[in-house]
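Structural features, examined
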Amino acid sequence: MPEHVLLKPKGSRVLLLGNEAIARGALEAGICVAAAYPGTPSTEILEVLSEVADSCGIYVEWSVNEKVAFETAYAAAITGVRSLTAMKHVGLNVASDILMSSAYSGVEEGFVVVSADDPSMHSSQNEQDNRWYGLIAHLPVIEPSNAREAYKLVKEAFELSTRYKVPVILRSTTRISHTRMPVELEGDVFFERKCKGVFKQDPERWILVPGHARKCKVRLMDAWRKIITNEGREPFIKIINPGQKKVIVASGLAYSYVREVLELLGALDKVTVLKVNMPVPLPREPVMEVLKYAEEVLVVEELDPIVEMQFKDIALSIGTSIRIRGKETIPENYELSLERIYKPVAEFLGVKAGNIEDAAGTVKIELQIPPRPPILCAGCPHRNTYYVIKVAANKAGLRNIVYTGDIGCYTLGYQKPFETQSTCFEMGGSIGIAHGLAKTIDNPIIAVIGDSTFFHAGMPPALNAVYNDSNIIILVLDNMTTAMTGHQPHPGTGKSATGKVAVRIMPEKVLESLGYEVYVVNPLKVRESIDAVTKAFWRYKQGVKIALVSRMACSLEVLRKARRSGVVLPVYAVLEDKCNGCMACVKLTACPALIVEPGAKKPRILGELCTGCGLCASLCPFKAIVIKNAPSENWERLWWEP
Ligand code: SF4
Ligand code: SF4
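The following refers to the structure shown. Given the structure is predicted, the values throughout are model-derived calculations rather than measurements.

Broken down by element type, the chain carries 23 helices and 22 strands. Projected onto its principal axes, the C-alpha coordinates of the chain cover approximately 85 × 65 × 55 Å. By the burial criterion, 56% of the 642 residues in the chain qualify as buried. Entry remark: accessible area of the chain is about 27,200 Å², with carbon and sulfur atoms responsible for 55%. Computed over 74 positive and 70 negative side-chain charges, the separation of the two mean positions in the chain equals 3 Å.

If you want it as structure tokens, here you go:
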């Protein structure tokens, strides 16, 4: 087996994804514990750590949510063991309670919290700038400008955390986390790690009752001020080409764009650049230094004016009246790019700037790919479930259903023909929102939530809805994996992060224990499922608290398992002579494997896409869709087992 990229020896030059670079840096920094909940764009950090955990002798876990992941890693750090937690930006909202308290109590050894933000919202519900958390919690935020720097800075972040005994936030973004760069490896990963900690009783520090917390706050602010004063140096901040009248302040990834624009404009020697890798707190000394000569300043940073605000504050404190521009010139929404800052930087420098494409010598490629909205995959189990729910609701006479949705692939159910998501706000929100709606509207309400999301944040609102007597229906879409982020295990899979056998927790047992009458269906068997769900809906109409668990594996996993095991799945085809062209199969499933050629009157199934879920065949009124190959005898179990 080839050597894992994270285990390459010191001195190697390797091509690393930003997230892999962070993981390698953390290993070199001596972590012994890593815990996370998957979330794009942070997922690969823990994924690669789990692959090398046994070789390096570290503990790695997928926790049930970001708060628990944070607590797990933080607990190690208070016993003197280096640790890391990683999450996407909105995950830090979930962990924000313990983040705030951890700032007060501090750590005994280096503890780094990786927040992978998502400017432009490639796979998120918002593009919040998590550098704010540093300001709120009074914790330093380290922000690399590329993947190579991420590798170096994660090690510096651990040192900083150890030096001041506070957690340190390392902020990445999609562009950094998901970009590959060659990285020279400076350290080793195989060494005697300090993995056994000692918990020293210290009630004044670990028990945050008001009297103790007040003292902790003083200690925290002391560390905060020391960082502002003492850390104004590389690698956290650097003055490039000092002594110029024009100053550009560039934070994190924005520095890479600024550097490139200055090269294109031939203006590298005409401007002082303050390269910021620690936007929070902004070290005071280097700012004072550039202000000695500055007549005009431009702050370039992605999203919110975090550095701009602090820079202006320092400038104000020394009474300077020079013009400091930031968000009035640089876009505040979405990712920055070379194109987006080219003109503002040129204008600031008073340089005549032409077309960026001409300057950069790039060729604009007109993409020939037609735009295509995201859709559920061919054979996606959610398609079967949504069909079953719609038919059963119709049979049971449930009208004007409000479907409260959640975060996962199944959110795509908001589209036609299903329209089984009316809201989608945050992880676990489906059940809480359903409960709240039940207090103000009379419509039937179905809370639609995935299995991983149910374990993440669905259990407390499910309990709350029973306790506070809401008549809602909970639908758990159990595809036995955390599909949207790349198929990570969770408590319902019976597997741990490192592939070991774990206790398997069944959502139906949890829901039963909370007081729901639970119906478990396998929507691969469409007719049986419709009957069971119809019965459940009748019970709901009688006032019984109902939960449905629809269990059918993610089709991508099924295909993978079939390939590995040699199991042949069914492939369906439309029988031309039986088909009357009613298009029910196309309209009711919206399966991408079912196509209608231009000018054709009947649909056709793309055999290479069809996964054999059988939904279209089960609803064709003319029995015109049939299996065309000879599937293995045991193919169905692939859809039913984790
Ligand atoms: S549902 Fe059956 S009859 Fe109607 S178009 Fe599809 S294959 Fe043909
Ligand atoms: S059986 Fe029908 S619905 Fe299922 S993947 Fe194949 S074409 Fe799509």
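Read on, since the account is not over.
Turning our eyes to something else, we now look at the side chain of Ser50. Its location among the elements puts Ser50 in helix α2 (residues 44-56). When near neighbours in sequence (up to four residues on either side) are disregarded, Ser50 contacts Val60, Ala497 and Thr498.

On to the site of ligand 1, then. Neighbouring ligand 1 are 13 residues; Cys579, Cys582, Met583, Cys585 and Cys620 lie closest to it. For ligand 1, the cavity whose grid points lie within 2 Å of the majority of its atoms is the second largest cavity.

As a further point, take the pattern of salt bridges. Applying the stated rule across the entire model yields 40 salt bridges. Between Arg551 and Glu508 there is a salt bridge, with its nearest N and O atoms 2.6 Å apart. Linking Arg551 in strand β18 (residues 546-551) with Glu508 in helix α19 (residues 507-514), this pair joins segments that are 43 residues apart in sequence. With relative accessibility at 4%, the residue Arg551 sits in the buried group. On the basis of relative accessible area, Glu508 is assigned to the buried category, the value being 11%. Glu557 is the partner of Arg560 in a salt bridge, and the nearest nitrogen-oxygen pair spans 2.7 Å.

Before going further, it helps to spend a moment on the layout of surface pockets. By rolling a water-sized probe across the atoms, one finds the places where empty space is left. Counted as a void, the largest pocket has a volume near 720 Å³. Lys88, Ser123, Ile407, Gly408 and Met484 are, among the 38 residues lining the largest pocket, the residues nearest its centre. At the level of elements, α4 (89-94) and α18 (451-467) are the ones that each hand at least two residues to the lining of the largest pocket. The element contributing the most residues to the lining of the largest pocket is α18, with five residues. A class-by-class count of the residues in the lining of the largest pocket yields 14 nonpolar, 20 polar and four charged. Taken as a whole, the second largest pocket encloses approximately 430 Å³ of empty space. Every element with two or more residues in the lining of the second largest pocket is listed here: α2 and α21 (555-565). Here the lining of the second largest pocket is built from residues that sort into six nonpolar, nine polar and seven charged.

Let us look at the site of ligand 2. The environment of ligand 2 is formed by Gly379, Tyr572, Cys591, Ala593, Ile605, Cys610, Thr611, Cys613, Gly614 and Cys616. Taking a 2 Å distance to the grid points as the criterion, the majority of the atoms of ligand 2 fall inside the largest cavity. Classifying every residue of the shell around ligand 2 by side-chain character gives seven nonpolar, three polar and no charged.

Let's shift gears to the nonpolar core. Counting residues in hydrophobic clusters, the biggest one holds 93 residues, and the most contacted among them are Leu49 and Leu84. Residue contributions to this core peak at eight residues, all from helix α11 (residues 253-265). For Leu49, the contacting residues outside a window of four places in its chain are Leu6, Ala23, Leu27, Ile31, Ala34, Ile58, Val60 and Leu84. Judged by nonpolar contacts, the second largest core, of 81 residues, contains Tyr403, Phe455, Val549 and Ile605.

What follows concerns the sheet that holds strand β7 (residues 168-173). The strand order β3-β2-β4-β5-β7-β6 describes an open sheet built from six strands, whose pairing is parallel. Across the chains shown, the open sheet's two edge strands, defined by having one partner strand only, are β3 (59-62) and β6 (141-142). Across six bridges, the pairing between strand β4 (residues 83-88) and strand β5 (residues 111-117) is parallel. If you follow Thr85 over to β5, its bridge partner there is Val113. Against the sheet, helix α3 (residues 66-78) engages β2 (33-36), β3, β4 and β5, with an angle of about 165 degrees to β4.

Remark: the centre distance and the inter-plane angle together describe each pair of aromatic rings, the angle taken between the planes. For the structure shown, the criterion picks out six aromatic pairs. Between Tyr74 and Phe111, the ring centres sit 5.8 Å apart and the planes meet at 50 degrees, which makes this aromatic pair tilted. With Tyr74 in helix α3 and Phe111 in strand β5, this residue pair connects regions lying 37 residues apart in the sequence. The exposure class of Phe111 is buried, given its relative accessible area of 0%. Considering the side-chain rings of Tyr386 and Phe418, the 5.7 Å spacing of their centres and the 45 degrees angle between planes classify their relative orientation as tilted. Placement of the pair is Tyr386 in helix α16 (residues 381-396) and Phe418 in the loop between β14 (402-404) and α17 (429-438), with a sequence separation of 32 residues. When sorted by exposure, Tyr386 lands in the same class as Phe418, which is buried. Lying over the aromatic face of Phe348, Lys246 brings its terminal NZ or CZ to 5.1 Å of the ring centre.

In this section: the sheet that holds β14. By definition, the strands of a sheet pair up through backbone hydrogen bonds, in either a parallel or an antiparallel sense. Strand order in the open sheet made by the five strands is β14-β15-β16-β18-β17, with parallel pairing throughout. A strand with exactly one partner marks an edge of an open sheet, and here the two such strands are β14 and β17 (517-521). Taking the axes of each pair of neighbouring strands and ignoring which way they run, one obtains an average angle of 20 degrees across the sheet. On the sheet, α17 packs against β14, β15 (445-450) and β16 (473-478) and is oriented at approximately 170 degrees with respect to β15. Here helix α20 (residues 526-541) sits on the sheet and contacts β15, β16, β17 and β18; the angle it forms with β17, its principal contact strand, is near 165 degrees.

Conventions and cut-offs
Numbering of residues starts from 1 in every chain and runs along the sequence as written. Whichever chain is written first is A, and whichever ligand is written first is 1; the rest continue in order. Note on the predicted model: pLDDT of at least 70 is required for a residue's local features to be given, and 80 or more for side-chain atom pairs to be given and counted; whole-chain, interface and lining totals, by contrast, use all residues. The side-chain numbers reported here are obtained from all heavy atoms of the structure, hydrogens and water having been left aside. Here a strand is any run of E in DSSP of at least two residues, a helix any run of H or I of at least four, and the numbering for each starts at the N terminus. Here the term buried applies to any residue with accessible area under 20% of the maximum for its type, exposed to any over 50%, and partly exposed to those in between, with areas from a 1.4 Å probe on protein chains only. Accessible surface area values rest on a Shrake-Rupley calculation with a 1.4 Å probe, where residue burial reflects the displayed protein chains alone. The charge count treats Lys and Arg as positive and Asp and Glu as negative. His and the chain ends do not count. Where a charge sits is defined by one atom per residue type, namely NZ (Lys), CZ (Arg), CG (Asp) or CD (Glu). Residues are treated as being in contact if the distance between any of their heavy atoms lies within 4.5 Å. Near, as used in this document, describes a residue that has one of its heavy atoms within 4 Å of the molecule or strand being considered. Both site types are read off a 1 Å grid over the protein atoms alone. A 1.4 Å probe that fits but cannot get out defines a cavity, while an open set with protein on both sides within 12 Å along at least five of seven lines defines a pocket; lining residues have an atom within 4 Å of a point. Throughout, a molecule is located in a cavity or pocket provided that more than half of its atoms lie within 2 Å of its grid points. The term salt bridge refers to a side-chain nitrogen of Lys or Arg lying within 4 Å of a carboxyl oxygen of Asp or Glu. Grid points are joined across faces, edges and corners, and a volume is the space filled by probe spheres set on the points. Residues are grouped as follows: Ala, Val, Leu, Ile, Met, Phe, Trp, Tyr, Cys and Pro are nonpolar; Asp, Glu, Lys and Arg are charged; every other residue, Gly included, is polar. Among the buried residues, those of types Ala, Val, Leu, Ile, Met, Phe, Trp, Tyr and Cys that are joined through side-chain atoms within 4.5 Å form a nonpolar core. Strands were regarded as paired on the criterion that DSSP finds at least two bridges between them. Here, axes are lines fitted to C-alpha atoms. For helices the fit covers the stretch in contact, and angles between N-to-C directions go from 0 to 180 degrees. Any pair of Phe, Tyr and Trp rings, taking the six-membered ring for Trp, is counted once the centres come within 6.5 Å. Such a pair is stacked with planes under 30 degrees apart, edge-to-face with planes over 60 apart, and tilted for the rest. Both a distance and an angle decide whether a charge sits over a ring: NZ of Lys or CZ of Arg must be within 6 Å of the ring centre and within 35 degrees of the ring normal.

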